[in-house]
Amino acid sequence: MLVQVEAVGQVADGRATVRVCSEVGAAAALWCGDPTGVGREHHVEWTVEEDVVWGGNTRPATSFSPGVDEEEGGRIVFRGRLGLTGDGGAMLEVAGTHILFDLADPPPSTAVDGTWVEVSVERNSVSLWPYLL
């Protein structure tokens, strides 16, 4: 996903918190790239250190379009198509970008495979890694 990266602040371990703006929304997350990369456009990989919990942090989407938004309370909501991998994992496709997740027990029904969902996660569990195409 191509995003514009803007500086927001730093967390206790010295990493930068950045706001990323894309065609499908904006959110603040931890930046894992070179500090000189802030203030520019990048292709990024989203890493989320939180499991998909069906009926907890994951639910059917009310809108069938990709999105990245912030909620009150420091949470980021990803909206996309959920794909179950069959090995205890899931992949969320958001505007052509794939975000990998682990599934919490009990896993969701296979009936949700390929459906639009919203996954709400703590902002501090989300990291952005820039990469070159």
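All of these numbers come straight from a predicted model, not from anything done at the bench.

We now examine the pairing of strand E2 (residues 16-22). Inspection of the sheet shows strand E1 (residues 2-10) paired to E2 by six bridges, in the antiparallel sense. Looking across to E2, one finds that Ala7 is bridged to Val18. The antiparallel pairing of E2 with strand E3 (residues 25-31) creates a hairpin that spans two residues between the two strands.

Residue position: Ala16 is located in strand E2. Considering only alpha carbons, one finds Ala16 and Trp31, 15 residues apart in sequence, at a separation of 5.4 Å. Residue contacts for Ala16: discarding those within four places in its chain leaves Gly9, Gln10, Ala29, Leu30 and Trp31.

In this section: the nonpolar core. Residues Trp46, Phe78 and Phe101 are the most contacted members of the largest nonpolar core, which totals 29 residues. If we skip the residues at most four places from it in the chain, Phe78 touches Trp46, Val48, Gly67, Val68, Leu92, Val94, Ile99, Val117, Glu118, Val119, Val121 and Val126.

A cluster of acidic residues, Glu49, Asp51, Asp87 and Asp102, forms a negative patch at the surface. Relative to the helices and strands, Asp102 is located in strand E9 (residues 97-102).

Here the structure, examined in full by the defined rule, presents one aromatic pair. For the pair Trp46 and Phe78, a centre-to-centre distance of 5.2 Å together with 85 degrees between the ring planes defines the contact as edge-to-face. On the criterion of sequence distance, the pair formed by Trp46 in strand E4 (residues 41-48) and Phe78 in strand E7 (residues 75-84) is long-range, its members being 32 residues apart.

About the cut-offs
- Residues numbered from 1 in each chain as written.
- Predicted model: local features only at pLDDT ≥ 70, side-chain atom pairs only at ≥ 80, totals over all residues.
- Heavy atoms only, no water.
- Pairing = 2+ DSSP bridges.
- Helix = DSSP H or I, 4+ residues; strand = E, 2+ residues; numbered from the N terminus.
- Contact = heavy atoms within 4.5 Å.
- Core = buried A, V, L, I, M, F, W, Y, C linked by side-chain atoms within 4.5 Å.
- Buried < 20%, exposed > 50% of the residue type's maximum accessible area, 1.4 Å probe, protein only.
- Patch = residues over 30% accessible without salt bridge, like charges linked within 9 Å, V, L, I, M, F, W, Y side chains within 5 Å.
- Areas by Shrake-Rupley, 256 points an atom, 1.4 Å probe, with all protein chains shown as cover.
- Salt bridge = Lys/Arg side-chain N within 4 Å of Asp/Glu carboxyl O.
- Lys, Arg positive; Asp, Glu negative; His and termini not counted.
- Charge placed at Lys NZ, Arg CZ, Asp CG, Glu CD.
- Phe/Tyr/Trp six-rings, centres within 6.5 Å; stacked < 30°, edge-to-face > 60°.

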